Protein chains: 2
Amino acid sequence: MPQRLLIPFGGGAPSAHHLGKAHLGGKGANLAEMAGIGLPVPPGFTIPTTLCALYYEAGARLPDALLAEMVGGLAHIETVAGMEFGSATNPLLVSVRSGARVSMPGMMDTVLNLGLNDSTVEGLASRSGNPRFAWDSYRRFIQMYGDVVLGLDHYLFEDALEILKDDKGATLDTQLTADDLKGLVAQYQAIVQKETGKPFPQDPRAQLEGAVGAVFGSWRSERAAVYRRLNDIPEDWGTAVTVQAMVFGNMGETSATGVAFTRNPATGERAIYGEYLINAQGEDVVAGIRTPQYLTLAAREQAGAKAASMEEAMPDVFAELARMFAQLELHYRDCQDIEFTVQEGKLWLLQTRSGKRTAKAALRMACEMVDEGLIQTDEAVLRVEASVLDQLLHPTLDPKAERKVLAVGLPASPGAASGAIVLDSETAHTRAATGEDVILVRLETSPEDIAGMHAARGILTARGGMTSHAAVVARGMGRPCVSGAGGISIDNDRRILRIGNRELPEGAIITLDGASGEVMEGRVATVEPELSGDFARLMIWADGHRRMKVRANAETPEDCTTARRFGAEGVGLARTEHMFFGADRIVHVRAMILGADETSRRAALAKLLPAQRADFEAIFRIMEGLPVTIRLLDPPLHEFLPQREAEMEEVAAETGLSVAAVKRRVADLHEANPMLGHRGCRLLISYPEIVEMQTRAIFEAALAVPGGVEPEVMVPLVATRRELEIVKAIIDRVAGEVFEAAGRSLTYHVGTMIELPRAALRAGEIAGAAEFFSFGTNDLTQTTLGISRDDAGRFLGEYVDAGIYPRDPFVSLDVEGVGELVQFAAERGKAARPALKLGICGEHGGDPATIDFCETQRLDYVSCSPWRVPIARLAAAQAALRRK
Amino acid sequence: MPQRLLIPFGGGAPSAHHLGKAHLGGKGANLAEMAGIGLPVPPGFTIPTTLCALYYEAGARLPDALLAEMVGGLAHIETVAGMEFGSATNPLLVSVRSGARVSMPGMMDTVLNLGLNDSTVEGLASRSGNPRFAWDSYRRFIQMYGDVVLGLDHYLFEDALEILKDDKGATLDTQLTADDLKGLVAQYQAIVQKETGKPFPQDPRAQLEGAVGAVFGSWRSERAAVYRRLNDIPEDWGTAVTVQAMVFGNMGETSATGVAFTRNPATGERAIYGEYLINAQGEDVVAGIRTPQYLTLAAREQAGAKAASMEEAMPDVFAELARMFAQLELHYRDCQDIEFTVQEGKLWLLQTRSGKRTAKAALRMACEMVDEGLIQTDEAVLRVEASVLDQLLHPTLDPKAERKVLAVGLPASPGAASGAIVLDSETAHTRAATGEDVILVRLETSPEDIAGMHAARGILTARGGMTSHAAVVARGMGRPCVSGAGGISIDNDRRILRIGNRELPEGAIITLDGASGEVMEGRVATVEPELSGDFARLMIWADGHRRMKVRANAETPEDCTTARRFGAEGVGLARTEHMFFGADRIVHVRAMILGADETSRRAALAKLLPAQRADFEAIFRIMEGLPVTIRLLDPPLHEFLPQREAEMEEVAAETGLSVAAVKRRVADLHEANPMLGHRGCRLLISYPEIVEMQTRAIFEAALAVPGGVEPEVMVPLVATRRELEIVKAIIDRVAGEVFEAAGRSLTYHVGTMIELPRAALRAGEIAGAAEFFSFGTNDLTQTTLGISRDDAGRFLGEYVDAGIYPRDPFVSLDVEGVGELVQFAAERGKAARPALKLGICGEHGGDPATIDFCETQRLDYVSCSPWRVPIARLAAAQAALRRK
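Computed from a prediction, not measured in an experiment: that's the story for all the values here. (Residues numbered from 1 in each chain as written. Chains lettered and ligands numbered in written order. Predicted model: local features only at pLDDT ≥ 70, side-chain atom pairs only at ≥ 80, totals over all residues. Heavy atoms only, no water.)

## Some remarks on the overall build of chain A
Point 1. Of regular secondary structure, chain A possesses 35 helices and 33 strands.
Point 2. Buried residues in chain A amount to 57% of all 884 residues.
Point 3. Taking the intrachain contacts of chain A between residues at least 6 apart in sequence as the baseline, contacts between residues at least 24 apart amount to 68%.
Point 4. Carbon and sulfur atoms provide 51% of the accessible area of chain A, an area that totals close to 34,200 Å². (Helix = DSSP H or I, 4+ residues; strand = E, 2+ residues; numbered from the N terminus. Buried < 20%, exposed > 50% of the residue type's maximum accessible area, 1.4 Å probe, protein only. Contact = heavy atoms within 4.5 Å. Areas by Shrake-Rupley, 256 points an atom, 1.4 Å probe, with all protein chains shown as cover.)

What follows is the structure, encoded as structure tokens:
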């Protein structure tokens, strides 16, 4: 039977898998592949995508030649399945599915049980011995066909069903009898007659022609057209149609249905894993009406279950299934998730796909498959989703422990922690100093809370999003954090945390799960992470395939040590302002800000110099031999001044100024939009003495480290080349002074953040004065999108839900908008200075999708919080492998 | 004498003006042009720019062929001037000047009096009868030559001069005698000998060769190289050198020097205007040591001066000068500003250039020159600088009136006004209602002050820049405003305005000059503007040459009326939020914001609907037949809520809520960076009921106007196409509802602001859902540059001074940065939708430089505050003419 317009599969038909998805559609290609390696797929045929155009050319009807070939196609199915289309005793039923080159939600999906009519339904009833099942299948078929092929409103059918249930006093569909359903079928047919003016088609071939035509027709439906436009899918791709025999697991005790994994998706163990039910349909396994049984004897025994495993109940079929597992893994070279049906003793595979798995399982499978020779290390690296590594790097709640959830906020920083509630940073610090575990609970956090956050085991805030101050700092510190927990409020006078109607006094124990956003009462047991073994092996493989370097955003010795432990290859961003909040520094910082003139500012800065120098020396020693990028002071000065009356009085006392003078200065420095205010290089240009002190501290510290350091000094918030030149001139001058005094010099680099749209656009000019660019994608996102990270919580969730942004643009870079600016900056900067070094140091530097984008832009490195360094290493390796 | 390597001019030498600036340099081309039309220019020659490369090729020395030709060039000068180079009795002195194609500050400029040596100085002394002048010229020459040709530090010479003055007890150079200066020359020569190891060159030809070589050498100096790099000037352009005879106006009573305008630069009157001095040098006229005399008899008599006018003292030379004025105007077709010298009865013109003039004079000259047939209307349009029109559109202070200046702030909005000080908006409103003129004085203004600002004659603020709220709103209203007057403070308890040590009680009269930023005591007389006559003629001409339309940003009936009077062709931006602050509305607005749910919000909005509809109807009626763009609600909601305790109590009473509830909502709505917060389309998406109310008001109003309106509904702050689609869907739906209820419909358009970098980048997509783009360059500048307009005052002045931005980027568009985004948006938008209408409605829409840029981007219209409409009309015409 020479085929031209349709391609059969199953029952030993030659595999057409080589024709690919472009020709067969996604579904058709998948079935062809399974059939091609000899798996027992229910037989069928695929009408390729090329026929879609012919359908429209013929005036939206099926070409006669195709109708002729469909006769042969059906014969192929009948022969292989041993059933007959339209037979009243042994009826063949088929499914009809659309299948474009890519999955397309705008199109018709599936019609099941096609072939049922008033006569074949009786055959199905007797063959299955289950008239209720037969009539239910029939009424479902009419509804589905009426909806997707005849274009009837599905409410018409649903209303009729509801009325019937009301009449019968039934609350569930399952309470309806075969006779009830038979009556419903009659009603459904009446609806079709009334609405279309024609009876429901009884001829299975007419049904099939209608369904195939409907699939082609759905390609040009409005919904599909909208979807194509939004996703840039050409209309001339067309859709394929796949017609396939239905098989039934509910044909008696020799029939069954089940799902299986070739390896354990929770642990990764190489053992058959799954469930099945005898005399059941697939939906029964999922619906939970009957308790599914284990596949293997071992699993049944381990669970202490009684119902026979498939290995025991159907030993032959099970053995066949087990053989297929080996075959599937050899072919797909990955753990497979399989749906199967046994119809009267014959095993059919309905679907196989790559099995979803936990992070731990993914790691184990990848390593073991390399050991088994199934895959190479590059494939192993691609097999573990980078973002899920996060689950492995932090303590997590013991899954067996009981949880009393009090509130749920945003999962802002992963990990789990328990401790006593404390309501301010000072208390956090004091109580933690005595060895107590504390959880810092605040309305929202600000830079003044850094010490308290560091002292705490975890952080909970009432306000703020995934990228609020609390979230960002907590991730950087590796502390679990739940932010924006809307249901909570804080009564500072009574020192009470209120959650709904509950009141928890300061000191009460709570537990946070930063991965789920849950806040729990009392202490919940946790499990420590394991960083050796499979994890270490995968990291080594990843490093071997990586092109981009991975650095950390770190400024404390603790963070730097963590960063090295996790494999960071340098510091990409040391934020010097965090050092200004230390108890021994803040007083001088404030004296500097409150200083009336340059002389008094210089006096205060002179007192800060030794502390800054010591900070830098500590970083340089830990990172010895690796590059360290230090960003000069960035935030607006008011961040260092208190906002509350009592604190202002303290500051007045410390600095010897009047309270009124302090208040005046605080008011003077107030800004309407501090993010866009007097900060970054603008501050450095206004107060060059700050640049001088910080530069001196950097170079004196660098000279003190014996192993050699190449400091990279980074100027923030540059929008014009001139700004960079002004600050660079000061850096170069002070460096010269330090070297002359020391009698020796060292190599250093001066570069800039690219964090404003203008800087990205004028990158060609700016590169003339910069040896490196570091993309500050947090601020670049804020300015490009015009969204304040601190305020975005009010609408960003809604925005992501509405599909306005596919993901939170502060978590994963907006490649279309912000990404184009990064591309401009990279291209223009490199054109002006080919040796320009490019990196990213925004929060996005630890996001796998963003890292992939960075690889396409040929960045030299990504920099992220220390705790995300392993994720970045893996993501960078995957990005490099994908570009090969 | 065939010339090849240098080009002589003057004395009837054939004009080489046609060779242009590229060959002759700016200076050389200008002299060639003057000489070419037969004006008596001191003779000289120009070595063209092409020789610069030859100089470098020859190893930084003058080619022998050039040296040979310079002999001939000098002979030409000697013949025409009737003096001899190096003569001890009748010495020719020359100037040597560099001249690139464009003016280049990085290069050597000029050496004067070249040719002086120990012998020729005596000749100059006897010829001028002024030995002191001769020796002073000689010592100045040595210093200049030493500095720019020999590369000596000019401090060496200045120190010697200072020591000499100390010795002689002289405080001014003029107190030194000829002998003193002769001694100084000897010292200067000793300095040259000591520093260079060689005596000061006595051979005038060696001096000339040295100076010409120095000009060429300066082309590759580091300063020139830096300047070229910054301004994109190719190095191979090279510089020309011009050598020209010096002439002297101090050679006795038949010599003189002066400056003249061909028309009066203050009034524009066609009459010779200028000053001269007999037996003097040019610098004497400027220095003010002697009082210059008038040129014409009429001017002398009018001024009641005694000293003879040139017309009387030198009638023949004056007649020659007067003849030349006619010739100059015919040739240059513009009013000329001339420097001349009479040396022993012979008139020489040293320079002619287009004369600077006042706005009034520019207008009169342009109109009269058209009447005279000297220029066409297109040239007349180009002759009046658009920005100076501002001076003509507002009342100005009588220039004769006395001013007691109390403080100086920023000239934030032009015009002048006097009135009683009032310290808050309510008082302004109350006192103005009684007919009193008041000046509103505030620390800074906010949207709540709108009514008070409107009631006041002028506004004075202590804080805020040129683009602060006060400045922007005042310009829009045509009220004079002085902002950021640093020296003032307000004592609200004592109701006193403090300026330095002065205390002015509320009610005291002050006067503001919004053009100079001055704040004056008492009432200073003003002069009303005249908008007919020359002004009206020029506007009509401008409109005839204009391509872009000019619209106004207006939302009150008063503004709309002003806009039409000034010739606006529509409303480009009606900000609906300004309407929300009216006394009858704000209570409903607040009730809407404080509403607990959609139902209560809808109830409040229903009460706002009639007011909004009336607002729109008023606008539509005034603008009948013209397009009106209405922007949906843009600012964050907290702008409508009070910030002070007492006001919150009022609001609580009005809305029936508890004070605590009001406070909580105010706190809830607080944003860290409101500019980047929950506003614009984000708000509209969160509260679709606001869109519904505003849309309903727009269309119901539009249907009520008989003449026909095509409303343009504008969605603010869009960053993605999806945002616009969501809001547009609501607009279209409500429009349909209104049309159905009314039984008729009208054409309307939906478009968006382009005011975020992402919107500009994704303009291609967004254009799919927008019929028009309006560039909101205020916000686009804020986001692209990362600068908050409200906070920029702290550093932007410093930034402009340091050359980081050439001008305030909120006043004149940053073409390099923001401009590129506008270009992307225009290109990508038009590519996706060729019929897309493009406009600009930011403050920049009234800035001539920005308007010129808009013409290059082929925008359809610019929109600006009503008071700037005439400026925009003129600037748009000029931009169109420049592109022809």
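## Quick notes on the UniProt feature "binding site: substrate" (unreviewed entry) in chain A
All names here are of chain A.
Point 1. When the UniProt feature table is mapped to this numbering, "binding site: substrate" (unreviewed entry) covers Arg575, Arg631, Glu755, Gly776, Thr777, Asn778 and Asp779.
Point 2. For arginine 631, the position within the fold is in strand β28 (residues 628-631).
Point 3. Tracing the backbone through its elements, the reader meets glycine 776 in the loop between β31 (772-775) and α31 (777-785).
Point 4. You can call glycine 776 buried: its relative accessible area is 4%.
Point 5. Filtering out sequence-adjacent residues up to four positions away, glycine 776 remains in contact with Met753, Ile754 and Glu755. (UniProt positions renumbered as here; feature names shortened; annotations may be inferred.)

## Some details on the interface of chain A and chain B
Point 1. The partner chain B presents 54 residues to the 54 residues of chain A that form the contact.
Point 2. When chain A packs against chain B, the two sides together hide about 4,500 Å² of surface, and 49% of this comes from carbon and sulfur.
Point 3. For the chain A face of the interface with chain B, the top three residues by lost area are A:Leu676, A:Arg758 and A:Arg794, together amounting to 14%.
Point 4. Run the count over chain A and chain B and you get 10 salt bridges.
Point 5. A salt bridge links B:Glu671 to A:Arg794; the nearest nitrogen and oxygen atoms lie 3.7 Å apart.
Point 6. The tally of links between chain A and chain B comes to 32 residue pairs in polar contact (both at pLDDT 80 or more). (Buried area = accessible area lost by both parts, 1.4 Å probe. Salt bridge = Lys/Arg side-chain N within 4 Å of Asp/Glu carboxyl O. Polar contact = N/O pair within 3.5 Å; in protein donor to acceptor, adjacent residues only side chain to side chain.)

## Overview of the domain arrangement of chain A
Residues and elements named next belong to chain A.
Point 1. For chain A, the assigned domains are domain 1 (7-245), domain 2 (256-357), domain 3 (394-527), domain 4 (546-636 + 671-882) and domain 5 (637-670).
Point 2. The centre of domain 4, based on its C-alpha atoms, is set 29 Å off from the matching centre of domain 5.
Point 3. Of the residues lining the interface, 18 residues belong to domain 4; the matching set on domain 5 comes to 14 residues.
Point 4. Of the roughly 1,600 Å² buried between domain 4 and domain 5, counting both surfaces, carbon and sulfur atoms make up 70%.
Point 5. If you sort the residues of domain 4 by the area they bury against domain 5, Arg590, Ile593 and Leu594 come out on top, with a joint share of 43%. (Domains from an automatic or database assignment.)

## Notes on the packing of aromatic side chains
Point 1. Going through the model one piece at a time under the given rule, you end up with 35 aromatic pairs over all chains.
Point 2. On the numbers, 6.2 Å between centres and 75° between planes, the contact of B:Phe261 with B:Tyr273 is edge-to-face. Of this pair, B:Phe261 sits in strand β8 (residues 256-261) while B:Tyr273 sits in strand β9 (residues 273-278), and the two are 12 residues apart along the sequence.
Point 3. With relative accessibility at 38%, the residue B:Tyr273 sits in the partly exposed group.
Point 4. Between B:Phe566 and B:Trp867 the ring centres are 5.4 Å apart and the planes differ by 65°, which places this aromatic pair in the edge-to-face class. Note that B:Phe566 is positioned in the loop between α21 (557-565) and β27 (571-575) and B:Trp867 in the loop between β33 (861-864) and α35 (869-882), a separation of 301 residues in sequence.
Point 5. When its relative accessible area of 16% is taken as the criterion, B:Trp867 is described as buried.
Point 6. Here a set of aromatic residues connected by ring pairs shows up, and it is made of A:Tyr55, A:Tyr56 and A:Phe216. (Phe/Tyr/Trp six-rings, centres within 6.5 Å; stacked < 30°, edge-to-face > 60°.)

## Some words on the relation of the copies chain A and chain B
Point 1. Superposition record for chain A on chain B: RMSD 0.3 Å, screw rotation 180°, translation along axis 0.1 Å. Within this description, the copies of the chain are treated as partners about a two-fold rotation axis.
Point 2. Most of the interface of chain A is mirrored in chain B: 100% of its interface residues are interface residues there too. (Least-squares fit on C-alpha atoms with pLDDT ≥ 70 in both.)

## Quick word on the nonpolar core
Point 1. Membership of the largest hydrophobic core comes to 292 residues, with the highest contact counts inside it found for A:Phe620, A:Ile731, B:Phe620 and B:Ile731.
Point 2. Residue contacts for A:Phe620: discarding those within four places in its chain leaves A:Val628, A:Ile630, A:Ile698, A:Ala701, A:Ala702, A:Val705, A:Val709 and A:Pro711. (Core = buried A, V, L, I, M, F, W, Y, C linked by side-chain atoms within 4.5 Å.)

## Examining the pairing of strand β29 (residues 711-715) of chain A
Side-chain positions along a regular strand alternate between the two faces of the sheet.
Residue and element names in this part refer to chain A.
Point 1. Across the five residues that make up β29, a large majority, five, are buried.
Point 2. Residue alternation in β29 divides its side chains into two sets, Pro711, Val713 and Val715 and Glu712 and Met714, and both sets are buried.
Point 3. Here β28 pairs with β29 via four bridges, running parallel. Among the inter-strand pairings, isoleucine 630 is bridged to a residue of β29, identified as valine 713. (Pairing = 2+ DSSP bridges.)

## Examining the pairing of strand β32 (residues 837-840) of chain B
All names here are of chain B.
Point 1. In this structure, strand β31 (residues 772-775) lies alongside β32, joined through four bridges in parallel fashion. Within β32, the residue paired with serine 774 across the bridge is glycine 839.
Point 2. Pairing geometry for β32 and β33, over two bridges, is parallel. Each bridged residue has a counterpart across the sheet, and for isoleucine 840 the counterpart in β33 is valine 862.
Point 3. Each parallel crossover has a hand, and the one from β32 via helix α34 (residues 848-856) to β33 is right-handed. (Right-handed = clockwise from strand over helix to strand, strands pointing away.)

## Topic: the packing of helix α6 (residues 154-168) of chain A against helix α7 (residues 178-196) of chain A
Residues and elements named next belong to chain A.
Point 1. Between α6 and α7, the shortest axis-to-axis distance is 10 Å and the interhelical angle comes to 145°. The element α6 and its partner α7 pack so that their crossing is right-handed. Touching Leu156, Phe157, Ala160, Leu161, Leu164 and Lys168 of α6 are Asp180, Leu184, Gln187, Tyr188, Ile191, Val192 and Glu195, all from α7.
Point 2. Along the lines of polarity and charge, the residues of the contact of α6 with α7 split into nine nonpolar, one polar and three charged. (Axes fitted to C-alpha atoms, helices over the stretch in contact; angles between N-to-C directions. Left-handed = near helix turned anticlockwise from the far one by under 90°. Nonpolar A, V, L, I, M, F, W, Y, C, P; charged D, E, K, R; others polar.)

## Here's the deal with the sheet that holds strand β17 (residues 438-442) of chain A
All names here are of chain A.
Point 1. The eight strands are arranged β14-β24-β23-β16-β17-β18-β19-β15 in an open sheet whose pairing can be described as mixed. Of all strands in the sheet, those with a lone pairing partner are β14 (405-408) and β15 (410-413), marking the two edges. Adjacent strand axes in the sheet meet at a mean angle of 30°, parallel and antiparallel pairs treated alike.
Point 2. Note that strand β18 (residues 458-461) and strand β19 (residues 481-483) share two bridges and pair parallel. Looking across to β19, one finds that leucine 460 is bridged to valine 482.
Point 3. Against the sheet, helix α17 (residues 425-433) engages β16 (416-422) and β17, with an angle of about 175° to β17.
Point 4. Sitting on the sheet, helix α19 (residues 469-477) is in contact with β15, β18 and β19, with an inclination near 45° to β15.

## Some details on the UniProt feature "binding site: Mg(2+)" (unreviewed entry) in chain A
Residues and elements named next belong to chain A.
Point 1. According to UniProt, the "binding site: Mg(2+)" (unreviewed entry) feature falls on Glu755 and Asp779. With the annotated positions falling across 25 residues, the maximum pairwise C-alpha distance of 5.4 Å places them together in a single cluster.
Point 2. Accessibility expressed as a relative area gives 2% for glutamate 755, which makes it buried.
Point 3. If we ignore the near neighbours within four places in the chain, the residues touching glutamate 755 are Arg679, Pro716, Leu717, Gly776, Asp779, Leu780 and Thr783.
Point 4. At 2.6 Å, the side chain of glutamate 755 forms a polar contact with the backbone nitrogen of leucine 717.
Point 5. Counting through the fold element by element, aspartate 779 comes out in helix α31.

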